[in-house]
Amino acid sequence: MNKMRVAIIGQGRSGRDIHGAFFRSVDNDLCEVVCVVEVDEARRARAAEEYGCDTVADYKELFGRNDIDVVVNASYSHMHYAISKDLLEHGFHVLCEKPFGRTYDECMDLIRTAKKHNVTVTVFHQSLYNPAFLHVKEVMKSGKLGRVLQINLKYSGFARRWDWQTLQACCAGGIYNTGPHPIGQALDLLDWDVETKVVFSSLDTVLTSGDSDDYGKIILSAPEKPVVDIEVISADAFAGDYTFKIYGSKGTLLSTNSSYKIKYIEDFSVYPERPVIRGFLAKPDGTPMYCSEKLSFTEEEGKIEGTSFDVAVKDFYRMLYGTVMEGKAPEITPEHAAMVIGVIDTCHVQNPLPVRFD
């Protein structure tokens, strides 16, 4: 099997510590890094040593090369759109880090550009291969929970930031940076329904030193689908109780990224139907009685192996290899990624925050 030849733009946390970590790992039997683009001289030197590849300071130095199968665009978020478009126009397949673009229109422009030049553009939504998320989908599909009524996704914590990821000018903030993970998962659980609406959103700046959001609350709705409640909050000191909470007519799933609990009623038929009583309920002695019954639940719990930053990365690159090297249809389409940005775009339109930094 021929390896997919990769160029990486950027050696920051994403380019080096997520994509690069996979490329340097023993799990990588798919990709070969042939070039790293990095403006910082010290980072270029380290990249040359770590990957054994050549390095350049400007991504435009890639133009004209024929030894690159795909370019990973892990530049700063506000640079994603312009650099991705330039690469596509020069005939490169592009894997863009999240966010895909600042707006839905930018994303759709990249999709049109890729089609025009007969190349592929995709976005690094590896959290859709997160083992905990795949387990959620499996449980929902099994029917154990009955009819699913509500889905909660919580990607929160209690932390302050003061880097570029706090600036609106850098296309940053909580829902641009972390938000694509739960928003993408939410849309996937809604079957990527194009009629999905942002029925409520609230953004605020609380602990960050910048002017972007670090409080985000989003509620999504689609016809005949569960309500989805998303939180991306940096002021939640009790955030670790769950990442996913699924409410069904027969029970509930509570899951972190490392463990899960399920509590459900296997067979409601063992409980006789309760006719409606309009009058008061009374105990045998005639005193008032609360309307309640004892239900017997089946309980399950277990551990989740793997995360969005190991197993999921490998699975994403297997998907990308199939798309770029074998011509297979992508499981995660750029249209899906554009829908994610459409939600984020809408939230910002609904909640304009004051710009304090150019």
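Keep in mind that what you see is a predicted model, and the values were worked out from it rather than measured.

### Considering the overall build of the chain
Thinking step 1. Of regular secondary structure, the chain possesses nine helices and 14 strands.
Thinking step 2. Based on the C-alpha atoms only, the size of the chain along its principal axes is roughly 90 × 50 × 35 Å.
Thinking step 3. Out of the 358 residues in the chain, the part that is buried amounts to 49%.
Thinking step 4. A fraction of 71% describes how many contacts in the chain between residues 6 or more apart in sequence connect residues 24 or more apart.

### What to know about the packing of aromatic side chains
Thinking step 1. One pass over the structure, following the stated rule, counts twelve aromatic pairs.
Thinking step 2. Considering the side-chain rings of phenylalanine 22 and tyrosine 317, the 5.3 Å spacing of their centres and the 15° angle between planes classify their relative orientation as stacked. One end of the pair, phenylalanine 22, is in helix H1 (residues 13-23); the other, tyrosine 317, is in helix H8 (residues 311-326), with 295 residues separating them in the sequence.
Thinking step 3. Considering the side-chain rings of tyrosine 59 and phenylalanine 63, the 5.9 Å spacing of their centres and the 80° angle between planes classify their relative orientation as edge-to-face.
Thinking step 4. These aromatic residues form a ring-pair network of at least three members: Phe22, Phe23, Phe124, Tyr129, Phe316 and Tyr317.

### Focus: the side chain of histidine 336
Thinking step 1. Following the sequence through the fold, histidine 336 ends up in helix H9 (residues 334-350).
Thinking step 2. Histidine 336 has contacts with Trp192 and Glu331, leaving out every residue within four places of it along the chain.

### Quick notes on the sheet that holds strand E9 (residues 215-221)
Thinking step 1. Overall, mixed pairing links the eight strands, which are arranged E8-E9-E10-E7-E11-E12-E13-E14 in an open sheet. Strands at the two margins of the open sheet, each flanked by one partner only, are strand E8 (197-204) and strand E14 (298-303). The average angle at which neighbouring strand axes cross in this sheet is 10°, direction not considered.
Thinking step 2. In the sheet, E8 pairs with E9 via seven bridges, with the strands oriented antiparallel. Its bridge partner being in E9, aspartate 204 is matched across the sheet by tyrosine 215.
Thinking step 3. Against the sheet, helix H7 (residues 180-189) makes contact with strand E7 (148-154), E9, strand E10 (227-233) and strand E11 (244-248), and its axis sits at roughly 175° relative to E10, the strand it touches most.
Thinking step 4. Packing of H9 onto the sheet brings it into contact with E8 and E9, and relative to E8 it is tilted by some 60°.

### Details of the side chain of glutamate 231
Thinking step 1. The topology assignment puts glutamate 231 in strand E10.
Thinking step 2. Among the polar contacts listed, one links the side chain of glutamate 231 to the side chain of lysine 217, at a separation of 2.8 Å.
Thinking step 3. Apart from residues no more than four positions distant in its own chain, glutamate 231 is found in contact with Leu153, Lys154, Tyr155, Ser156, Gly216 and Lys217.

### Considerations on the packing of H7 against H9
Thinking step 1. In contact at an axis separation of 9 Å, H7 and H9 are set at 115° when each is read in the N-to-C sense. By crossing handedness, the relation of H7 to H9 is classed as right-handed. Two secondary-structure elements touch here, H7 through Pro180, Ile183, Gly184 and Leu187 and H9 through Met339, Val340, Val343 and Ile344.
Thinking step 2. Of the residues belonging to the contact of H7 with H9, the class tally is seven nonpolar, one polar and no charged.

### Here we look at the nonpolar core
Thinking step 1. Counting 94 residues, the largest nonpolar core has Phe23, Phe100, Ile218, Leu220, Ile230 and Tyr317 as its most contacted members.
Thinking step 2. Look past the residues within four positions of phenylalanine 23 in its chain and what remains in contact with it is Val6, Ile8, Asn28, Cys31, Val33, Tyr51, Val72 and Tyr317.

Calculation rules
Residues numbered from 1 in each chain as written. Predicted model: local features only at pLDDT ≥ 70, side-chain atom pairs only at ≥ 80, totals over all residues. Heavy atoms only, no water. Helix = DSSP H or I, 4+ residues; strand = E, 2+ residues; numbered from the N terminus. Buried < 20%, exposed > 50% of the residue type's maximum accessible area, 1.4 Å probe, protein only. Contact = heavy atoms within 4.5 Å. Phe/Tyr/Trp six-rings, centres within 6.5 Å; stacked < 30°, edge-to-face > 60°. Pairing = 2+ DSSP bridges. Axes fitted to C-alpha atoms, helices over the stretch in contact; angles between N-to-C directions. Polar contact = N/O pair within 3.5 Å; in protein donor to acceptor, adjacent residues only side chain to side chain. Left-handed = near helix turned anticlockwise from the far one by under 90°. Nonpolar A, V, L, I, M, F, W, Y, C, P; charged D, E, K, R; others polar. Core = buried A, V, L, I, M, F, W, Y, C linked by side-chain atoms within 4.5 Å.

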